[in-house]
Amino acid sequence: EPEVTQTPSHQVTQMGQEVILRCVPISNHLYFYWYRQILGQKVEFLVSFYNNEISEKSEIFDDQFSVERPDGSNFTLKIRSTKLEDSAMYFCASSGLAGVTGELFFGEGSRLTVL
Amino acid sequence: AQSVTQPDIHITVSEGASLELRCNYSYGATPYLFWYVQSPGQGLQLLLKYFSGDTLVQGIKGFEAEFKRSQSSFNLRKPSVHWSDAAEYFCAVGAYSGGGADGLTFGKGTHLIIQP
């Protein structure tokens, strides 16, 4: 069964360092998303991406964040200068259809710990 | 803006007993509603979704949910739980703007514990 894969599963970094989280969406999907979940809190929408550009982003997704689809398979989330409060589980998701009519398939998450 | 409330942080149910997880939403128009499950170390898996039509929707793993507009609720139910149902359950609401990829708003989740 096709699945969304994320790497790394866990990354520990020092505050101020750049981090790149990688995702391989399901191959024929067109819509890509990043969500995050701070420990003990709700899953929060960060950004959605379609046709090589951002479709929608939340207020969390400030200038420190960027997304990119550098090739035909990867979808990355970059945090330029990490802060302690960026520590969270980051989920990538993809969908074959637009908006909420398409089921979002989630990866297993990348846990980011900022020290 | 839409919001989702899951009032129960933890619920403990005996194996074989029935289950109801509560979800209330706030949204100005007809919402698109979802329930996701997250098992330990796993990603989020869609259990069921409601867009329109019959207000009682059936999902995978024997789950169902009922949309009640008058109560702004979308509670998840299962008549008889199994130990493998122990997981975190998330209710989510979506808004379809007619174009582009829209984000979902999730509740804080309910942690389901199954007692033998």
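Refer to the structure above for everything that follows.
Residues numbered from 1 in each chain as written. Chains lettered and ligands numbered in written order. Predicted model: local features only at pLDDT ≥ 70, side-chain atom pairs only at ≥ 80, totals over all residues. Heavy atoms only, no water.

Draft legend 1. Inspection of the pattern of salt bridges at higher detail. Residue and element names in this part refer to chain B. A complete count under the given rule lists five salt bridges over all chains for this structure. For Arg22, the salt bridge is made with Asp8, and the minimal N-O distance between the two is 2.9 Å. Of this pair, Arg22 sits in the loop between β3 (19-21) and β4 (24-26) while Asp8 is found in the loop between β1 (3-5) and β2 (10-14), placing the two residues 14 residues apart along the sequence. On the accessibility criterion, Asp8 (18% relative accessible area) is buried. For the salt bridge of Arg77 with Glu66, the shortest nitrogen-to-oxygen distance reads 3.2 Å. Separated by eleven residues along the polypeptide, Arg77 in strand β9 (residues 73-78) and Glu66 in strand β8 (residues 64-68) bring together distant segments of the chain. Each of Glu64, Glu66 and Arg77 takes part in one network of salt bridges that share partners. (Salt bridge = Lys/Arg side-chain N within 4 Å of Asp/Glu carboxyl O. Helix = DSSP H or I, 4+ residues; strand = E, 2+ residues; numbered from the N terminus. Buried < 20%, exposed > 50% of the residue type's maximum accessible area, 1.4 Å probe, protein only.)

Draft legend 2. Spatial organisation of the pairing of strand β10 (residues 87-94) of chain B. All names here are of chain B. Of all eight residues that make up β10, eight are buried, and the element is covered over most of its length. Neither face of β10 is left uncovered, since the one carrying Ala87, Tyr89, Cys91 and Val93 and the one carrying Glu88, Phe90, Ala92 and Gly94 both have all their residues buried. Relative to strand β12 (residues 110-115), β10 runs antiparallel, the two being bridged by three bridges. Across the sheet, the residue bridging to Ala87 is Leu112, located in β12. Here β10 runs beside strand β11 (residues 104-106); their pairing, made up of three bridges, is antiparallel. Counterpart to Gly94 in the pairing with β11 is Leu104. (Pairing = 2+ DSSP bridges.)

By themselves these figures say nothing about function.
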